[in-house]
Each structure stands twice: as structure tokens, then as C-alpha cells.
Amino acid sequence: MAFCVLGRRSNLFRRMASSAAAGKVRERPSSDMAAFKEVFGKARHIVALTGAGISAESGIPTFRGAGGLWRKYNAQDIATPGAFLANPSLVWEFYSYRRDLVLSKKPNPAHFALAKAEAHLASEGRRLVVITQNIDELHRDAGTKNLLELHGTLFRTRCTSCGHITENRASPICPSLAGKGGPEPDTQDARIPEGELPRCAKCAGLLRPHVVWFGESLDPDILMAAQHELDQCDLCLVIGTSSVVYPAAMFAPAVADRGVPVAEFNIESTPGTENFGFHFEGFCGSTLPKALAV
Ligand code: BV8
Ligand code: ZN
């Protein structure tokens, strides 16, 4: 599936290049809420693709915004298999910080608007599914049932030796990480010996966060399920994502490519904006509840 998704990327870029070459000026996306609500009122199968921006108003820093740095690193530097191999202590400090932070946060009106809309549409035999890039589980906490977590979750671990996957919401996840993970740039790395990092209850192997790191493939079943929803949908919402991480960045433009309406909810334009029919500028904690109100 990843191949076909990646294959789609090349024809998408070809199309974008050819339209640029043909000097075709794309219509600017509409910000007409009444027009959107008309489309929303008729849609039978809606996909909501969300990114870190939907959790920003819950107090969780986004990746590319002001709070996007942890110490002197950005996520792309440490959310990789190479970083974990080289320095599992540092990577575990990064995830321990995010686990503790997220455990103290709650869903915001944007998460709740999606969960409420899903329930209301279901009562009319219509479908809304959330496909999220986020690993904070706030969509689950808000009550969303139809949910695909593309990149895993902060609160599952996977054993690097036996592959055993477990839920784990302990804070800290192990004694050696207590009080560690501070985000300030001058914080000294804790250099925790590997033997004192989270270990597997079954085989004592080193545990890792059960998330998709940069350079790792997404779970093919989840990717397949996402592809199916995207292929079936007759409306796509793109909420709080910079649309720069693949393959997720490709999903909404590919839906737009099928002539299906796409509505973007963001505080700014993104590389995807010009492909979309609607763009609602503002904090999605305010714009989304308005857009999905029934
Ligand atoms: C893959 C989990 C096939 C971990 C994440 C070289 C080698 C290998 C692969 C690549 C390579 N070069 C490129 C790639 C592909 C790579 C990629 O896309 N890189 C990018 C950087 C170019 N992708 C991958 O590696 C993926 N796998 O391709 O597999 C493969 C395999 C091997 C070899 C080749 C190919 C895996 C990607 C998944 C990485 N894991 N998360 C963790 O979280 O710790 S990604 C992580 O970053 C998030 O999950 C999310 O996806 C991404 C951040 O993006 P956003 O969610 O959009 O957040 P961001 O901060 O960027 O933007 C926030 C937005 O919200 C902004 O637009 C802002 O304006 C807006 N906003 C803010 N506040 C609000 C708001 N909007 C509304 N209201 C507000 N209040
Ligand atoms: Zn194990």
C-alpha cells in the first residue's frame, strides 16, 4: 500500500508541475462557511485528517511551532530508529517528557466537535472517521470511535527483543526516568544506563515507544484502512497539520485530486492549501465547532 501511496505522490507532483507549467491559476480556496455547511449537510462519508495543531489548544506543543523544540533537538532528530540505537536514554527522556505532559492535558472543543459530529452523523446513517497523525490519544479521550492512529500512541510500548506490545500509562514509566526529560535547552542529558531503561516484563528486553518514527513504515493494515476511507469519502477535513510529513501529507491532495471537496482548518496556509476547496483560517478550537454545528 505504501508503494501505491508513494506512487500517487509522483503523479500528484506531476499534476502540480504541469498545472504550474500551464500557468493554470488555481481558484483560491473559499472561506464561505455557509457554502461549507451546505456541503457538510449532504456528505455521507467524511474523513477528518488531523495533526498536532488540533491539540495545540489543549496545551501540547506542535512540532513546527514555537514550542516545537525539545532541548536543542527537533522531533525529526530524535524520533528515529538511528537516534534510539545511538542514545536510547535521550529518546526515552523525550518520550517520558511527552507522556507526562499529555497525561496532564485534556481534549479541547475541536476534539469534542469531531466526536459529537461522528455520533450525530451515525444517527443518520452517515459516517465520520478521524485519521490522526497525533500520538496523544486526545481523540479517544474526547469520545471519537471511528479512529485510525497513523503513527501509534505515546502510551503503548514495544519490546525490541520479543516484539511484545503493551499499554502503559505509568508516570514515570520506570524509576530511572523520574524527574528526567526536562525540555529546557540547557538540560543535561540523563545518560541512563540501558539496563535501567524500560524493560519488557516478558523477556527483559529493552522497550521502545510503539510509535512510527521517521524512516519507519506505517502499519500496512492501518495504511490500508486509511486508504479505504479516503477512497470512499465524499468530504475531507484537514485540521491542524502542516502537511509536510509523508505519507499523511499526500492524503488530502489525493482526495482533492478525485474532485472531492476538501476543507482545511489551520491558523495559516500550508503547502496543501492551494489544492483545497475551502480554507478556514483561525484556531480550530473555535472554527471547527462552528463548522460542524448541526
Ligand atoms: C515513511 C510519531 C516509508 C512519532 C511522527 C528519508 C528516509 C525515510 C523516509 C523519508 C525520508 N525523507 C522523507 C521521508 C518520508 C518521511 C517524511 O515525510 N519526512 C518529512 C519530514 C519530509 N516520512 C516517514 O519517514 C514516514 N514513513 O515514509 O515510510 C519509507 C520508509 C523507509 C524509507 C523510505 C520510505 C513516517 C513518518 C511518521 C513520523 N512520526 N510521529 C512522534 O510523534 O514522536 S510524525 C510527527 O510529525 C507527527 O505525527 C506528525 O505527522 C508530524 C508533525 O506534523 P503536524 O502534525 O502537521 O504538526 P506540525 O507541528 O508540523 O504542524 C502543526 C500545524 O497546525 C501547523 O500547520 C500549524 O499552523 C497548525 N496549528 C497550530 N495551532 C493550531 C493550528 N491549526 C489550527 N488551530 C490551531 N490552534
Ligand atoms: Zn520482550
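It should be noted that the structure appears before, not after, this text.
This text gives an overview of the structure that appears in the document. (Residues numbered from 1 in each chain as written. Chains lettered and ligands numbered in written order. Predicted model: local features only at pLDDT ≥ 70, side-chain atom pairs only at ≥ 80, totals over all residues. Heavy atoms only, no water.)

## Points about the site of ligand 1
What counts here: We call a residue near a given molecule or strand whenever any one of its heavy atoms falls within 4 Å of it. Counted as a polar contact is a pair of N or O atoms within 3.5 Å, where, for protein atoms, one must be capable of donating a hydrogen and the other of accepting one, and residues adjacent in sequence contribute only when both atoms are in side chains. Throughout, the Shrake-Rupley method with a 1.4 Å probe supplies accessible areas, and for residues the shown protein chains are the sole cover considered. Gly falls in the polar group here, along with every residue not listed as nonpolar (Ala, Val, Leu, Ile, Met, Phe, Trp, Tyr, Cys, Pro) or charged (Asp, Glu, Lys, Arg).
Around ligand 1, 34 residues are found, and the nearest of them are Arg64, Tyr95, Arg98, Ser242 and Tyr246. Contacts to ligand 1 include Arg98, whose side-chain N or O atom sits 2.6 Å from an oxygen atom. Here a nitrogen atom of ligand 1 sits 2.7 Å away from a polar atom, N or O, in the main chain of Val212. When ligand 1 is considered free in solution it has 1500 Å² of accessible area, and contact with the protein chains removes 80% of it. Broken down by class, the residue content of the shell around ligand 1 amounts to 16 nonpolar, 13 polar and five charged.

## A short note on the packing of aromatic side chains
Heads up, the rule is: Aromatic contacts are taken between Phe, Tyr and Trp rings whose centres are within 6.5 Å, Trp giving its six-membered ring; a plane angle under 30 degrees counts as stacked, one over 60 as edge-to-face, and the others as tilted. Think of it this way: any DSSP run of H or I at least four residues long counts as a helix, any run of E at least two long counts as a strand, and we number them from the N terminus. Relative accessibility thresholds used throughout: buried, under 20% of the residue-type maximum; exposed, over 50%; partly exposed, between the two (1.4 Å probe, protein chains only). Only when the NZ atom of a Lys or the CZ atom of an Arg is both within 6 Å of the ring centre and within 35 degrees of the ring normal do we say a charge sits over the ring.
Applying the stated rule across the entire model yields eleven aromatic pairs. Residues Phe36 and Phe280 carry aromatic rings whose centres are separated by 5.6 Å and whose planes lie at 75° to one another, so their mutual orientation is edge-to-face. In this pair, Phe36 sits in helix α2 (residues 33–42) while Phe280 sits in strand β11 (residues 278–281), placing the two residues 244 residues apart along the sequence. What makes Phe36 buried here is its relative accessible area of 0%. Between Phe94 and Tyr95 the ring centres are 5.1 Å apart and the planes differ by 70°, which places this aromatic pair in the edge-to-face class. You'll find Phe94 and Tyr95 in the same group, each marked buried. Taken together, Trp70, Tyr73, Phe84, Phe94, Tyr95 and Trp213 form an aromatic cluster joined through their ring pairs. Just above the ring of Trp213 sits the side chain of Arg208; from NZ or CZ to the centre is 3.7 Å.

## Describing the packing of helix α6 (residues 109–123) against helix α10 (residues 284–292)
Inclusion rule: All axes here are fitted lines through C-alpha atoms, helices being fitted over the stretch that makes contact, and every angle between N-to-C directions spans 0 to 180 degrees. With respect to orientation, any angle under 35 degrees is reported as roughly parallel, any angle over 145 as roughly antiparallel, any angle of 65 to 115 as roughly perpendicular, and every other angle as oblique. Crossing handedness is read from the near helix: turned anticlockwise from the far helix by less than a right angle, it gives a left-handed crossing, and turned clockwise, a right-handed one. The contact definition used throughout considers only heavy atoms, calling two residues in contact when any of these lie within 4.5 Å.
Remark: α6 packs on α10, axes separated minimally by 7 Å, with the N-to-C direction vectors making an angle of 20°. Relative to α10, the element α6 lies roughly parallel. Considering how the two elements wind past one another, α6 and α10 form a crossing that is left-handed. Residue-level inspection shows Pro109, Ala110, Ala113, Leu114 and Ala117 of α6 in contact with α10, the latter providing Cys284, Gly285, Leu288, Pro289 and Leu292.

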